[in-house]
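Coordinate inspection notes
Here's the letter readout for the chains.
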Amino acid sequence: MEKLKRTLKESGIKPTYQRIKILDFMRQNARNHPTVEMIYADLAKEIPTMSLTTVYNTLSTFIEKGLVCGVTITGTEVRYDFNTESHHHFLCKKCGQIKDVDVPCSLSAQKGNLIDGHKIEEIHGYFKGTCKDCL
Ligand SMILES: [Zn+2]
Ligand SMILES: [Zn+2]
């Protein structure tokens, strides 16, 4: 908890109890890429005063400050990711799970490099198919 509090302070975010709980949830569910509804549903059980708007606004602030990133792989919703390093995702069309996959980027597509004179700051890549649990 203290470490999360410090992380928020260092990012210029006032470490309120609810914000700490949301960041803690993201840390524990890093591999699940939850939606705002999933985060809310879980935290509201423990903190009845928490609202969906609070969760949504808090996540927007976290994205702005680089604490989490938004993954828009399904085209209909944002999934939140605690892992802010550039990495690729796999969406299972059967069960809807989003998994991190370890696929290296080609050398020309690295952070800080230029493509056609454009400077790369973020790299997003995703794959869709059937996950190993569903196969
Ligand atoms: Zn699946
Ligand atoms: Zn991820």
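Look up: the structure comes first, before these words.
A short tour of the structure in this document, coming up. (Residues numbered from 1 in each chain as written. Chains lettered and ligands numbered in written order. Predicted model: local features only at pLDDT ≥ 70, side-chain atom pairs only at ≥ 80, totals over all residues. Heavy atoms only, no water.)

**Concerning the sheet that holds strand β4 (residues 98–101)**
So the rule is basically this: Here, a strand pair is defined by DSSP locating no fewer than two bridges between the strands. Each helix is a run of DSSP H or I of at least 4 residues and each strand a run of E of at least 2, with the numbering of both proceeding from the N terminus. Between the N-to-C directions of two axes lies an angle of 0 to 180 degrees, each axis being a line fitted to C-alpha atoms and, for a helix, fitted only over the stretch in contact.
Pairing within the open sheet is mixed, and its three strands lie in the order β4-β3-β7. Only two strands of the sheet have a single neighbouring strand rather than two, namely β4 and β7 (126–129). Neighbour to neighbour, the strand axes of the sheet diverge by 25 degrees on average, direction disregarded. Of the strand pairs in this sheet, strand β3 (residues 88–92) and β4 are connected by four bridges, and their pairing is antiparallel.

**As for the packing of helix α3 (residues 36–46) against helix α4 (residues 52–64)**
What counts here: Roughly parallel means an angle under 35 degrees; roughly antiparallel means over 145; roughly perpendicular covers 65 to 115; every other angle is labelled oblique. Crossing handedness: left-handed means the near helix sits turned counterclockwise from the far one by under a right angle, and right-handed means the same turn made clockwise. The contact definition used throughout considers only heavy atoms, calling two residues in contact when any of these lie within 4.5 Å. The classification used treats Ala, Val, Leu, Ile, Met, Phe, Trp, Tyr, Cys and Pro as nonpolar, Asp, Glu, Lys and Arg as charged, and all other residues, Gly among them, as polar.
Two elements in contact, α3 and α4, have axes whose closest approach is 9 Å; the angle formed by their N-to-C orientations is 125 degrees. Classed by the angle they form, the pair α3 and α4 counts as oblique. In terms of crossing hand, the pair formed by α3 and α4 is right-handed. Contacts between α3 and α4 involve Val36, Glu37, Ile39 and Tyr40 on the former and, on the latter, Leu52, Val55, Tyr56 and Leu59. For the contact of α3 with α4, the class distribution of residues is seven nonpolar, no polar and one charged.

**Focus: the coordination of the zinc ion (ligand 1)**
The condition is simple: The donor set comprises N, O and S atoms within 2.8 Å of the metal, extended to 3.2 Å for Na, K and Ca; water molecules are omitted, so apparent gaps in a site may simply reflect that omission. Working rule for geometry: tetrahedral if four donors all subtend angles between 85 and 135 degrees; square planar for four, octahedral for six, if opposite donors exceed 155 degrees and the others stay between 65 and 115; irregular in every other situation. Buried, partly exposed and exposed residues are distinguished by accessible area as a fraction of the type maximum, computed with a 1.4 Å probe on protein chains only: under 20%, between the cut-offs, and over 50%, respectively.
Each protein donor to the zinc ion (ligand 1) is listed here as Cys92 (SG), Cys95 (SG), Cys131 (SG) and Cys134 (SG); together their distances run 2.3 Å. Around the zinc ion (ligand 1) sit four donor atoms, and with donor-metal-donor angles ranging over 104 to 116 degrees the site reads as tetrahedral. In the primary sequence, the donor residues of the zinc ion (ligand 1) line up as C-x2-C-x35-C-x2-C. With a gap of 39 residues between them, Cys95 in the loop between β3 and β4 and Cys134 in the segment after β7 connect regions that are remote in the sequence. We classify Cys95 as partly exposed; its relative accessible area is 37%. Accessibility expressed as a relative area gives 29% for Cys134, which makes it partly exposed.

**So, unusual backbone geometry**
In this model, His33 sits at a positive phi of 50 degrees, which is unusual for a non-glycine residue. Mapped onto the fold, His33 is located in the loop between α2 (17–28) and α3. Positive phi values are uncommon outside glycine, yet Asp116 reaches one of about 55 degrees. Here Asp116 shows up in the loop between β5 (114–115) and β6 (118–119). Judged by its relative accessible area of 75%, Asp116 falls in the exposed class.

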